[in-house]
Structures are given as structure tokens and as C-alpha cells.
Amino acid sequence: MNAQAIPASDAGYNFAYLDEQTKRMIRRALLKAVAIPGYQVPFGGREMPLPYGWGTGGMQLTAAILGADDVLKVIDQGADDTTNAVSIRRFFARTAGVATTERTPAATVIQTRHRIPETPLAAGQIMVYQVPIPEPLRFIEPSETETRTMHALGDYGVMHVKLYEDIATFGHIATSYAYPVTVDGRYVMDPSPIPKFDNPKLDRSPALMLFGAGREKRLYAVPPYTRVVSLDFEDHPFQIQQWEQCCAICGSGDSYLDELIVDDAGSKQFVCSDTDYCAQRAQQQESRP
Amino acid sequence: MSAAEQLLPATSVGTEPLFAVRDLTRLYGPEKGCQGVSFELYPGEVLGIVGESGSGKSTLLSLLCGRCPPDRGSVQYRDGAGDWLDLYAASEAERRTLLRTEWGFVEQNPRDGLRMGVSAGANIGERLMAQGVRHYGQLRAAGLDWLQQVEIDPARIDDLPRTFSGGMQQRLQIARNLVSSPKLVFMDEPTGGLDVSVQARLLDLLRGLVRELDLAVVIVTHDLAVARLLADRLMVMRRSRVVESGLTDQILDDPQHPYTQLLVSSVLQP
């Protein structure tokens, strides 16, 4: 398929696919979410032209906040060129006619699944996360009414039960993604399936973070410069993943690495999961004499 | 003899009551539920509630522990600082805090009182974590200590409760409740569903722990032998009312109310 075949913008759709009333409803819910950091606000989720689990929640949020002069970046597992990222980017290019980019600093809205870009975010940027299960207490308390009461009363002792089980079973906190955090000292929040490597980037970030769960029809937010603390034990403090290797392409020693099997003999290579960050670094190294 | 006359405190207890109940009523229909129950419980005292099925024992227990609001009447508890707290006037947050710190609840079926999906150690540590203990080493030590106290092999701390026998699950549930050193524990037929030898061991353990920790206990049972072993005082319920109450030995040896006489005489003598 070639890119020229797709019209830059399709006038048959309302701007950014959703109708104006729906976008207003989502924006109202977003305002509430920003006012109460980490609190899950229900919203009237709409059918999107792709299945649940493919980012319907994130897309509805993006549609609601997108303006004509926004620049959109979409990443999936850190990469700009994976199926999900490419199709969501094309979807908004077609229905909203907005500019898209792969460069993190150039984007005003970044929709993501699994990663926060390695390039530090700036004030004015908005991150939109696609969330599968918004409820951090779900694994231990299946009842929705009960989890809501627990949130209301700040009854979060059970969150540590899971971490305790990890240490008892594996000797260390083995939860490596969707690692629960406390937002602004109040609500415990599931930061969607980002690796815990990215948790520290949430803390006091200058960018606005919005989280949307399409199937469960919940959204929540972390406003800029909000305190976000990962849960841990005094004698087992929170730690992020570390690698002995550096990226095979750009040589970065402090980014999140993907392990690739490169041949039939099982040889391995480690490369940055953030493709934009990796490409920028490689380019800089080439241009340097 | 009316229910109100026989409110004598047991012998070895403090001077001020820990728990006071006035005219507690919750009816689902005429004589269905419980009505007009008043009593006081002193620190370290064990109160047994006996009666036939449908007499309102379990309704009374859920009223007492804050699970179901009464139609009428009050439940008051004197907390650690010596202040009286009205259970149903307090906020839900206060009620929950109370239930997981100074109170305990031992369910009839241990599967209702335990988290079956997490290890024994996590079950014991949960109350401590809810109270803000964030030190894994301390949680672990408390888990090992309590397993030993309820006579479970400490080596099984990382096993799931579903791999435990019924009696062990019940003992684990007791450990899970007692780890926060509560002052008042509610028990709903703690020995129901266990075979006789396991029952005897559990009762032995409970009796030891109650004396050692100076616990006040409200225990619901239909087994008069359990009541005789554990309870200092008894309340006999029938058709939503307390028909007789007093010291356990007094009631079992010299029952006054015709229903109590029937109940006592219907116990099989081996």
C-alpha cells in the first residue's frame, strides 16, 4: 500500500471522527480527571472502528483533545512503525487532517501504548495512554463496588499484598509493568502497561498525562508536575530494570532495551525500544566528525 | 427471668465495659431477625450466643460488627484511648479501621475470611500492611511467629491456603485476625464443619489464645459443648429475642426458661 493513495483528509468525517457532543462529554470528564489526579472518571465510551484492546480508549481521548494545529505522534511498544501505531496515526491524519510526526520534541500530542519516550517531555505536550485495565485493585478485589469504596476510603493495604507475594515467591518485586503508583499522595493508580522503567518519568513530569480505557469506559489523568510515587517496601525499595548491554544501534546505555533474536542459532541483540530516540542518536553520531 | 436482669460481668475482668449494646433491633418480618438485645461486654470476657437455626444469632452478630445497620438501638465501643465510639454514627472509614485493627471476625467458612489466592504469609500480613507496615522483614517475622502460635508448620508460610486442610485454614484465619492484636473478636461458628478431634484442638487453641491475649470474644454457636468450654456468659436466643442470659455454668446446669431447658436436655450424653 502506498501513502499517496490515502487522502490527506476525508471531509466525510466530523473532525477527528467523533461527533462534537461526544468530544464535549469526554472533555468534561477529562477536566474532572485533571482536577482529581489519579481518580478514575467514568465516561460514555463510543464504538470505535477497531476492536477493544487496540487502543479505543486512547483514541477517544486523542479525538477529544485534538485541534487542527496539533502535531500527533503515535507509538506502540516504543516504536513508530508498528501496525497499531501506523494505523492510528493514519486514522487521525485522514479524519482530522492533522500533521503527524515521529519526532518526540515536535509532537504536541503523543498517543502511546507501553512506553513513555526516552526524550524528556516538555511543558505543553500531552501524553495519551491506552489502558487495558484501569483498576489497580482488580487483581485482588473482583467487585467494582468494593474497589470504588476502597478508593474512596484510601483503603490501599491490599496493594502491598501483591508486592509481598512477589518477594515471597521470587525474592524481589517481580512486577515489571503496570507497576502501581500513588498519585499526589492520594489515589493509587495503574499507570497502564508501561514498564516500571518508565515510572520515574511520570513523577513531576512537565507534560500532561491522560489515560483512557475503552472497554471499561474509564479515564484518569496526572496533571503536570504532580508527585507520582511507586509503591514499595522499606527493605525492598522500588528499582527499575537494568541491562548489562548497550543498544546495538546507537550505543545508549540508559534506555529501555528490547531483546531481539537475530538468527537461527539464537544470537541476541539488544536495541532501544524507542525507535525515534535511537534514530536521533544514530544520526547525531553520524553527523559528528 | 428477663434478659435484662442477668447482666453480671464475669470474674476476672476490668471495671469499665469495652462494648455496650442497647435495644438492638433489626427485623426482616415478625420475629424474624433480632430485637431488643442489650448487653455489655467487659475486656477479656467471652460471650456465647446460642439458639436454634433462624433464631437471629447471625443477624445479631452482623449488627454487632457493623456489617448491617440496625432498625433501632445502638452499638458502642470503647477504643484504645478510652473514648466511646458509636458504631453506626461513625463514618465508614472509622468503621473499617476499627474492623481491621481493634476488632477481628472469624467466619464460619474460612474461605470467606481468607484470601485464597495469596500465600499464608500474605494473609497474615495483610492487616499489618493495611495499618501501614512497609517493612517486608517485619511482615515475614510476624507471619512466621503467628503460624507457630496457631500450630501450623512455619515452613508452609509460602503455601496457598487452598492447600491447607479445613482445620488449618480455620487456624490460619484466626492468626490473620489476631496479628493486629485486636481487643474484641467476633466468631461465627468457628468450629462448624470440622470433625470432632480437629474441633477439640481448635477449641483448646482458642481457649489458650483468649486467656493469653486477654481477648473479649462474642461467639455464635449452636453447639452447647463449645459454649461451655469457651464462654464465660451465655445468651440464649429464640424467635428473634434473648430468652435467657447469665453465667454459662448457671444456664447450662440450671436453665430457667422452658426453651433453654429443652435445649440443654436435647444434648446427647455419650
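Right, let's walk through the structure included here. (Residues numbered from 1 in each chain as written. Chains lettered and ligands numbered in written order. Predicted model: local features only at pLDDT ≥ 70, side-chain atom pairs only at ≥ 80, totals over all residues. Heavy atoms only, no water.)

1. With respect to the overall build of chain A
Consideration 1: Per the secondary structure count, chain A includes 7 helices and 12 strands.
Consideration 2: Computed over its C-alpha atoms, the radius of gyration of chain A comes to 20 Å, within 12% of the 19 Å expected for a compact globule of 289 residues.
Consideration 3: C-alpha atoms of chain A, sized along the principal axes, occupy 55 × 55 × 35 Å.
Consideration 4: Counting all 289 residues of chain A, 51% fall into the buried class.
Consideration 5: Taking as baseline every contact in chain A between residues at least 6 positions apart, the subset at least 24 positions apart corresponds to 61%.
Consideration 6: When the accessible area of chain A is evaluated, it comes to approximately 13200 Å², of which 52% is carbon and sulfur surface.
Consideration 7: Computing the positive centroid from 27 side-chain charges and the negative centroid from 35, chain A places the two 7 Å apart. (Helix = DSSP H or I, 4+ residues; strand = E, 2+ residues; numbered from the N terminus. Rg over C-alpha atoms; globule rule 2.2 N^0.38 Å. Buried < 20%, exposed > 50% of the residue type's maximum accessible area, 1.4 Å probe, protein only. Contact = heavy atoms within 4.5 Å. Areas by Shrake-Rupley, 256 points an atom, 1.4 Å probe, with all protein chains shown as cover. Lys, Arg positive; Asp, Glu negative; His and termini not counted. Charge placed at Lys NZ, Arg CZ, Asp CG, Glu CD.)

2. Observations concerning the packing of aromatic side chains
Residue and element names in this part refer to chain B.
Consideration 1: The full count for this structure, using the stated rule, is 18 aromatic pairs over all chains.
Consideration 2: For the ring pair Phe 19 and Phe 39, a centre distance of 6.3 Å and an interplane angle of 55° mean the geometry is tilted. Pair noted here: Phe 19 is in strand 1 (residues 19–29) and Phe 39 is in strand 2 (residues 32–41), with a separation of 20 residues, a long-range link.
Consideration 3: You can call Phe 19 buried: its relative accessible area is 0%.
Consideration 4: Under the relative-accessibility criterion, Phe 39 is labelled buried at 0%. (Phe/Tyr/Trp six-rings, centres within 6.5 Å; stacked < 30°, edge-to-face > 60°.)

3. Quick notes on the sheet that holds strand 3 (residues 99–100) of chain A
All names here are of chain A.
Consideration 1: Within the open sheet, the 7 strands sit side by side as 1-9-8-5-4-2-3. Their pairing is mixed. At either margin of the open sheet sits one strand with a lone partner, and together these are strand 1 (41–42) and strand 3.
Consideration 2: As judged from the 5 bridges shared by strand 8 (residues 208–213) and strand 9 (residues 218–222), these two strands associate in the antiparallel manner. Residue Leu 210 lies in a different strand from strand 9, and its bridge partner there is Ala 221. (Pairing = 2+ DSSP bridges.)

4. Some thoughts on the pattern of salt bridges
Consideration 1: Counted by the stated rule, this structure contains 32 salt bridges over all chains.
Consideration 2: Among the ionic pairs, Arg138(A) bridges to Glu144(A), the shortest N-O distance being 2.6 Å.
Consideration 3: What emerges from the salt-bridge pattern is a single network uniting Glu146(A), Asp155(A), Glu92(B), Arg96(B) and Arg100(B). (Salt bridge = Lys/Arg side-chain N within 4 Å of Asp/Glu carboxyl O.)

5. With respect to helix 6 (residues 166–178) of chain B
All names here are of chain B.
Consideration 1: Between its first and last C-alpha atoms helix 6 spans 19 Å; for 13 residues at 1.5 Å apiece the expected length is 18 Å, and the two agree.
Consideration 2: Across the 13 residues of helix 6, 12 count as buried, placing the element largely inside the fold.
Consideration 3: Residues of helix 6 that are buried: Gly 167, Met 168, Gln 169, Gln 170, Arg 171, Leu 172, Gln 173, Ile 174, Ala 175, Arg 176, Asn 177 and Leu 178. (Expected span 1.5 Å × (residues − 1).)

6. So, the nonpolar core
Consideration 1: If you look at the biggest cluster of nonpolar residues, it comprises 68 residues, and the most contacted ones within it are Tyr164(A), Phe233(A), Trp146(B) and Leu172(B).
Consideration 2: Beyond its immediate sequence surroundings of up to four residues, Tyr164(A) is in contact with Phe233(A), Ser119(B), Gly121(B), Ala122(B), Met129(B), Tyr136(B), Leu139(B), Arg140(B) and Ile157(B).
Consideration 3: Within the second largest apolar cluster, 32 residues are counted, among which are Val37(B), Leu64(B), Leu87(B) and Met237(B). (Core = buried A, V, L, I, M, F, W, Y, C linked by side-chain atoms within 4.5 Å.)

7. Notes on the layout of surface pockets
Unfilled space is identified by rolling a water-sized probe across the atoms.
Consideration 1: Reported here for the largest pocket is a volume of approximately 970 Å³.
Consideration 2: Along the walls of the largest pocket sit 28 residues, with Glu146(A), Arg67(B), Arg96(B), Leu99(B) and Arg176(B) positioned nearest its centre.
Consideration 3: Secondary-structure elements contributing two or more residues to the lining of the largest pocket are helix 4 (144–153) and helix 5 (157–170) of chain A together with helix 2 (92–101), strand 6 (103–106), helix 3 (110–113), helix 4 (120–130) and helix 6 of chain B.
Consideration 4: The element contributing the most residues to the lining of the largest pocket is helix 2 of chain B, with 5 residues.
Consideration 5: Class assignment of the residues belonging to the lining of the largest pocket gives a composition of 9 nonpolar, 5 polar and 14 charged. (1 Å grid on protein atoms, 1.4 Å probe; cavity = no way out; pocket = protein on both sides within 12 Å on 5 of 7 lines; lining within 4 Å. Points joined across faces, edges and corners; volume = space filled by probe spheres on them. Nonpolar A, V, L, I, M, F, W, Y, C, P; charged D, E, K, R; others polar.)

8. Some words on the interface of chain A and chain B
Consideration 1: The interface is formed by 20 residues belonging to chain A together with 20 residues belonging to chain B.
Consideration 2: Of the roughly 1800 Å² buried at the junction of chain A and chain B (both faces included), carbon and sulfur atoms supply 59%.
Consideration 3: For the salt bridge of Asp155(A) with Arg100(B), the shortest nitrogen-to-oxygen distance reads 2.4 Å.
Consideration 4: Taken together, the connections running from chain A to chain B amount to 11 residue pairs in polar contact (both at pLDDT 80 or more).
Consideration 5: Among the elements that line the side of chain A that touches chain B, the one with the most residues is helix 5 of chain A, at 8 residues.
Consideration 6: Across the side of chain A that touches chain B, the residue classes tally to 9 nonpolar, 4 polar and 7 charged. (Buried area = accessible area lost by both parts, 1.4 Å probe. Polar contact = N/O pair within 3.5 Å; in protein donor to acceptor, adjacent residues only side chain to side chain.)

By themselves, these figures tell us nothing about what the structure is for.
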